[in-house]
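Remarks on the overall topology
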Amino acid sequence: VQLVESGGGLVQPGGSLRLSCAASGFTFSSYAMGWFRQAPGKEREFVAAISWSGVKTYYADSVKGRFTISRDNAKNTVYLQMNSLKPEDTAVYYCAADGRFPEGEYFSDYDVYNTIDYWGKGTLVTVSS
């Protein structure tokens, strides 16, 4: 099983980035997918999730209206479009997969329900002028 993130980098405040996560080794279309992030000195936090079908999406309040999660089941890939980036968005962004709750409704409570089956290794996003 592999989750490989890409698309991170350095961007100025107000700019945009699109992260991608390519999955392999499991039945991607049966899993909810999502993104977490961890800033230096802080705990990992939920960012966004999407159901197996792509119909349902969930966002942290801090990114709602700025970030958009999407998926392409034919390409086994999930995306995170990040607009209007702020310095506080600086973090390592991790892709994750949940096969137990494919609608994605427990992604934000992953630490309570122990829902994440697979994690990527992360990609660094730095927002700075």
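Scroll up a little and you will see the structure.
Read on for an overview of the structure. (Residues numbered from 1 in each chain as written. Predicted model: local features only at pLDDT ≥ 70, side-chain atom pairs only at ≥ 80, totals over all residues. Heavy atoms only, no water.)

**Overview of the environment of Ala32**
- As for its position among the elements, Ala32 is in strand β4 (residues 32-38).
- Residue Ala32 is classed as buried on the basis of its relative accessible area of 0%. (Helix = DSSP H or I, 4+ residues; strand = E, 2+ residues; numbered from the N terminus. Buried < 20%, exposed > 50% of the residue type's maximum accessible area, 1.4 Å probe, protein only.)

**Re the sheet that holds strand β7 (residues 67-72)**
- Taken in spatial order, the four strands of this open sheet run β1-β3-β8-β7, and their pairing is antiparallel. Where the open sheet ends on each side, the last strands, each with one partner, are β1 (2-6) and β7. The average undirected angle you get between the axes of adjacent strands in this sheet is 15°. (Pairing = 2+ DSSP bridges. Axes fitted to C-alpha atoms, helices over the stretch in contact; angles between N-to-C directions.)

**Some details on the state of the cysteines**
- Applying the stated criterion across every chain, the model contains one disulfide.
- The disulfide partner of Cys21 is Cys95, and the gap between their sulfur atoms is 2.1 Å. An S-S torsion of about -80° defines the bridge between Cys21 and Cys95 as left-handed. Note that Cys21 is positioned in strand β3 (residues 17-24) and Cys95 in strand β9 (residues 91-98), a separation of 74 residues in sequence. (Disulfide = S-S within 2.5 Å.)

**Looking at the pairing of β9**
- Burial within β9 is extensive, with seven of its eight residues counted as buried.
- Inspection of the sheet shows β4 paired to β9 by seven bridges, in the antiparallel sense. From the neighbouring strand, Gln38 faces β9, where its bridge partner is Val92.
- For β9 and strand β11 (residues 123-127), the ladder comprises three bridges, and the chain directions are antiparallel. Bridge pairing links Tyr93 to Thr123 in β11.
- The sheet contact formed by β9 and strand β10 (residues 118-119) spans two bridges and is antiparallel. From the neighbouring strand, Ala97 faces β10, where its bridge partner is Tyr118.

**Let's talk about the side chain of Asp89**
- Turning to its location among the elements, Asp89 is positioned in the loop between β8 (77-82) and β9.
- A relative accessible area of 0% means that Asp89 is categorised as buried.
- A distance of 2.9 Å separates polar atoms of two side chains, one belonging to Asp89 and the other to Arg37.
- Side chain to side chain, Asp89 and Arg66 meet in a polar contact 2.8 Å long.
- In contact with Asp89, other than residues within four places in its own chain, are Arg37, Arg66, Phe67, Ser84, Val125 and Val127. (Polar contact = N/O pair within 3.5 Å; in protein donor to acceptor, adjacent residues only side chain to side chain. Contact = heavy atoms within 4.5 Å.)

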